There are 2 protein chains.
Amino acid sequence: MNTLAYGLLSLLSHSHLSGYDLMLKLQPFWPAKHSQIYPLLSNLEKEEQVTFELVAQTDKPDKKVYTITEKGIDSLREWLSVPASDPVLRDELMIKAYCLSFVDPAISRKLFVSRLEYYHIKLQRYEEKITHILKKSGVNEGEIPSYQSPYLGAYILLNKALMSCKTNIEWCTWVLKVIPADNE
Amino acid sequence: MNTLAYGLLSLLSHSHLSGYDLMLKLQPFWPAKHSQIYPLLSNLEKEEQVTFELVAQTDKPDKKVYTITEKGIDSLREWLSVPASDPVLRDELMIKAYCLSFVDPAISRKLFVSRLEYYHIKLQRYEEKITHILKKSGVNEGEIPSYQSPYLGAYILLNKALMSCKTNIEWCTWVLKVIPADNE
DNA sequence: TAGTTATATGTAAAAAGAGACATACAATCA
DNA sequence: TGATTGTATGTCTCTTTTTACATATAACTA
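Residues numbered from 1 in each chain as written. Chains lettered and ligands numbered in written order. Predicted model: local features only at pLDDT ≥ 70, side-chain atom pairs only at ≥ 80, totals over all residues. Heavy atoms only, no water.

**Focus on helix α1 (residues 3–12) of chain B**
For α1(B), the buried fraction is high: ten of the ten residues fall into the buried class. Looking at α1(B), one finds that the buried residues are Thr3(B), Leu4(B), Ala5(B), Tyr6(B), Gly7(B), Leu8(B), Leu9(B), Ser10(B), Leu11(B) and Leu12(B). (Buried < 20%, exposed > 50% of the residue type's maximum accessible area, 1.4 Å probe, protein only. Helix = DSSP H or I, 4+ residues; strand = E, 2+ residues; numbered from the N terminus.)

Here is the structure:
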């Protein structure tokens, strides 16, 4: 059982999802390709952490919809009791930032302008998602879902995503102010 | 040539370092173990991107001090001209946050309290480093190293690290306010 | 004095992750 | 009509990363 497996169980603890849906939903928290997810799901099924049901579809290909078992929930509970391992961030832009002065300011600027675009797209998505979650959870303006609410987890995560995104936009904007506008 | 290789070249573009030092210095930007770095350095040496010199030490084991070549600098310049790939963050705590409600609030709180400690230690280190860098670069109060300054890269990176760290502390603190203090 | 930590370099094996190959159906687009 | 995109599942291979094995010296600690 690796972290990815717990990621799948976590998502399944909130709703029934196909491998494909799990892959899409997991991206913001623990990026993984379908080639990693499908074999893992079949392992989890063998270990009776999850079960699946074949769901036939007419407009789309048939799918396997997975459900977490009691054993799976127990695994999650046990895993939650041990401290989380240190976060790992790998960002090429950070290495490039370190040796910026080897190239033209125009080239440096490009790196941060395109990253800024990337974060702006993310920001918009997160803002849409957070209003969606708050609407679904049915809390009033300014309120937060309760500890028992199944929406609390998603709300906490989206808040982190939003905060980090804003900080990164701030950083990129600041860097663009530091890099001279033209090759002087 | 993968990102790790460029990470090593980036560090070597600013100073002469041993494999061990490279490993330590690289951690905040592109975490890697020594088992990954030593073979890579010997490849880079074969490709004439770096050279090394055996340096004998009396109090510590002897070491190989690496130097970047002109070819290595050219590789860096070329690499800087292509856009940076998307950043990858993997954080177990985010997955745990998603299914928080399956365990006692006390257990949930522990996760965030220990993470908060982790970030506070990081914050202190980054603050020490940034004052150190600014002192070395010789800029005046409130000023920023110039584009040509070899300290600009480190200053930009430390600012990002500091900003992110503060945001994460803010997030953890907020989460701890959301999780009820006792099992009610 | 025995164990740990730090410095320093290396290899081997296992696990994790990315990319390509493979198939299939429906919808949309040029 | 042919190409692409989205949905859906799967395997295989290659790269990347982690963990373990291996050695050696010095300093510090219990």
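**Structural notes on the domain arrangement of chain A**
Each assigned domain of chain A is listed with its residue range as follows: domain 1 (3–80) and domain 2 (92–178). Centre-to-centre, using C-alpha coordinates, domain 1 of chain A lies 27 Å away from domain 2 of chain A. (Domains from an automatic or database assignment.)

**Some thoughts on the protein's contact with DNA strand D**
Residues in close proximity to DNA strand D total 23 residues, the closest being Tyr20(A), His34(A), Lys64(A), Ser35(B) and Gln36(B). In the interface set of DNA strand D, defined as its atoms within 4 Å of the protein, sugar plus phosphate atoms amount to 57%. Here Arg90(A) contributes a side-chain N or O atom positioned 3.2 Å from a phosphate oxygen of DNA strand D. In the environment of DNA strand D, a sugar or linking oxygen lies 3.4 Å from a nitrogen or oxygen atom belonging to the backbone of Asp59(B). Elements supplying a minimum of two residues to the surface near DNA strand D: α2 (19–26), α3 (34–46) and β3 (63–68) of chain A together with α3 (34–46) of chain B. Counted by class, the surface near DNA strand D contains six nonpolar, nine polar and eight charged residues. (Near = heavy atom within 4 Å. Polar contact = N/O pair within 3.5 Å; in protein donor to acceptor, adjacent residues only side chain to side chain. Nonpolar A, V, L, I, M, F, W, Y, C, P; charged D, E, K, R; others polar.)

**Some points on the protein's contact with DNA strand C**
The environment of DNA strand C is made up of 24 residues, and the closest members are Ser35(A), Gln36(A), Tyr20(B), His34(B) and Lys64(B). Separating a phosphate oxygen of DNA strand C from a side-chain N or O atom of Trp30(A) is a distance of 3.4 Å. At the level of secondary structure, the elements contributing two or more residues to the surface near DNA strand C comprise α3 of chain A together with α2 (19–26), α3 and β3 (63–68) of chain B.

**Re the side chain of Ser18(A)**
Looking at the secondary structure, you find Ser18(A) in strand β1 (residues 17–18). For Ser18(A), the side chain forms a polar contact with the main-chain nitrogen of Asp21(A), separated by 3.1 Å.

**Here we look at the side chain of Lys160(A)**
Note that Lys160(A) resides in helix α7 (residues 152–178). Buried charge without a salt bridge: Lys160(A), with Asp91(B) as the nearest opposite-charge side chain at an N-O distance of 4.1 Å. Aside from chain neighbours lying at most four places away, what touches Lys160(A) is Asp91(B), Met94(B), Tyr119(B), Asn168(B) and Trp171(B). (Lys, Arg positive; Asp, Glu negative; His and termini not counted. Salt bridge = Lys/Arg side-chain N within 4 Å of Asp/Glu carboxyl O. Contact = heavy atoms within 4.5 Å.)

**Concerning the relation of the copies chain A and chain B**
In the superposition of chain A on chain B (RMSD 0.1 Å, axial shift 0.0 Å), the rotation amounts to 180°. Such values leave the two copies arranged in the relation of a two-fold axis. No C-alpha of chain A approaches the rotation axis more nearly than that of Leu89(A), which lies at 2.2 Å. (Least-squares fit on C-alpha atoms with pLDDT ≥ 70 in both.)

**Concerning the packing of helix α1 (residues 3–12) of chain A against α3(A)**
Residues and elements named next belong to chain A. With their axes 10 Å apart at the nearest point, α1 and α3 run at an angle of 75° to one another. Between α1 and α3, the interaxial angle falls into the category roughly perpendicular. Facing Leu4, Ala5, Leu8 and Leu9 of α1, the residues of α3 in contact are Gln36, Ile37, Leu40, Leu41 and Leu44. Residues that form the contact of α1 with α3 fall into these classes: eight nonpolar, one polar and no charged. (Axes fitted to C-alpha atoms, helices over the stretch in contact; angles between N-to-C directions. Parallel < 35°, antiparallel > 145°, perpendicular 65-115°, else oblique.)

**A word on the pairing of β3(A)**
Residues and elements named next belong to chain A. Pairing analysis gives two bridges linking β1 to β3, with the strands arranged antiparallel. By the bridge assignment for β3, serine 18 is matched with valine 65. Bridge count between strand β2 (residues 50–55) and β3: six bridges; the pairing is antiparallel. The residue of β3 that forms the bridge with glutamate 53 is valine 65. (Pairing = 2+ DSSP bridges.)

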